[in-house]
Amino acid sequence: MATLFTKIINREIPAKIIYEDDDVIAFHDIAPQAPVHFLVVPKKEIATLADVTEADKPLLGHIVFMAQKLAKEQGCEEGFRVVMNTNEQGGQTVYHIHLHVLGQRNMHWPPG
Ligand code: AMP
């Protein structure tokens, strides 16, 4: 069954898409935790970061590259945070890997 994010990729569920290419899509998070909060998602369905293989290394580089490029385009020149929640204890709720990019407010450490 298609993941929630594959349904966004296939335009079955609406989203505010900010970038798309053959391998990656990025869209605003529906429940933003910062003034800027978007997700960078590979089109390939990989459930968690713990499931990636050697063959996924270029794709992982691609999503990290796009995270910083889009962060700057979205007005986060002062800084931003990139997060990939992984599995239940890591706070993951959608099992299709995605980078959260958050910005335009001061971030705190340690995170919750
Ligand atoms: P995670 O909990 O790390 O797996 O992140 C999943 C994220 O997806 C959460 O921040 C949700 O707010 C976000 N989300 C869930 N449904 C949608 C949707 N339809 N459009 C955009 N973002 C969504």
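What counts and how
Residues numbered from 1 in each chain as written. Predicted model: local features only at pLDDT ≥ 70, side-chain atom pairs only at ≥ 80, totals over all residues. Heavy atoms only, no water. Helix = DSSP H or I, 4+ residues; strand = E, 2+ residues; numbered from the N terminus. Rg over C-alpha atoms; globule rule 2.2 N^0.38 Å. Buried < 20%, exposed > 50% of the residue type's maximum accessible area, 1.4 Å probe, protein only. Contact = heavy atoms within 4.5 Å. Areas by Shrake-Rupley, 256 points an atom, 1.4 Å probe, with all protein chains shown as cover. Lys, Arg positive; Asp, Glu negative; His and termini not counted. Charge placed at Lys NZ, Arg CZ, Asp CG, Glu CD. 1 Å grid on protein atoms, 1.4 Å probe; cavity = no way out; pocket = protein on both sides within 12 Å on 5 of 7 lines; lining within 4 Å. Points joined across faces, edges and corners; volume = space filled by probe spheres on them. Nonpolar A, V, L, I, M, F, W, Y, C, P; charged D, E, K, R; others polar. Core = buried A, V, L, I, M, F, W, Y, C linked by side-chain atoms within 4.5 Å. Pairing = 2+ DSSP bridges. Axes fitted to C-alpha atoms, helices over the stretch in contact; angles between N-to-C directions. Expected span 1.5 Å × (residues − 1). Arc of directions from axis to C-beta.

### Thoughts on the overall build of the protein
Thinking step 1. The secondary structure content of the protein amounts to 2 helices and 5 strands.
Thinking step 2. Ordered by position from N to C terminus, the α and β elements of the protein give α-β-β-β-α-β-β.
Thinking step 3. A compact globule built from 112 residues should have a C-alpha radius of gyration of about 13 Å, and the protein, at 13 Å, falls within 12% of that.
Thinking step 4. Seen through its principal axes, the protein has C-alpha atoms that stretch 35 × 30 × 25 Å.
Thinking step 5. Burial statistics for the protein: of 112 residues in total, 38% are counted as buried.
Thinking step 6. Put simply, of all contacts in the protein between residues at least 6 apart along the chain, 54% involve residues at least 24 apart.
Thinking step 7. On the protein, roughly 6,800 Å² of surface is accessible, and the fraction owed to carbon and sulfur atoms is 55%.
Thinking step 8. Charged side chains of the protein number 10 positive and 14 negative; the gap between the two group centres comes to 4 Å.

### A look at the layout of surface pockets
Thinking step 1. Taken as a whole, the largest pocket holds about 420 Å³ of empty space.
Thinking step 2. Of all the secondary-structure elements, those providing two or more residues to the lining of the largest pocket are α1 (4–9), β2 (24–28) and β3 (36–42).
Thinking step 3. Of the residues contributing to the lining of the largest pocket, the split by class is 14 nonpolar, 8 polar and 2 charged.
Thinking step 4. Counted as a void, the second largest pocket has a volume near 280 Å³.

### Brief notes about the nonpolar core
Thinking step 1. Core analysis: the largest hydrophobic core is formed by 18 residues, its most contacted members being F38, V40, I63, L99 and V101.
Thinking step 2. Where this core is concerned, the elements lending two or more residues are β2, β3, α2 (57–73) and β5 (99–103).
Thinking step 3. Considering each element in turn, this core owes the most residues, 7 residues, to α2.
Thinking step 4. The next biggest cluster of nonpolar side chains, apart from the first, holds 8 residues, and it includes F5, F27, V41 and V94.

### Section: the sheet that holds β3
Thinking step 1. Pairing is antiparallel in the open sheet, where 5 strands are placed in the order β1-β2-β3-β5-β4. A single partner strand is all that each edge strand has here, and the edge strands are β1 (17–20) and β4 (80–83). Direction aside, the axes of adjacent strands within the sheet are offset by 15° on average.
Thinking step 2. Two elements, β3 and β5, share 5 bridges in a ladder whose sense is antiparallel.

### Some thoughts on α2
Thinking step 1. Between the first and last C-alpha of α2 there are 25 Å, a value that for 17 residues agrees with the 24 Å anticipated at 1.5 Å per step.
Thinking step 2. For α2, every residue scored as buried is listed here: L59, L60, I63, M66, A67, L70 and A71. On an axial view of α2, the arc spanned by its buried residues comes to 130°, and they lie on one face.
Thinking step 3. In the core, the buried residues of α2 are packed alongside β1, β2, β3, β4 and β5.
Thinking step 4. Of the residues flanking the end of α2, it is G75, one or two places downstream, whose phi is positive at about 95°.

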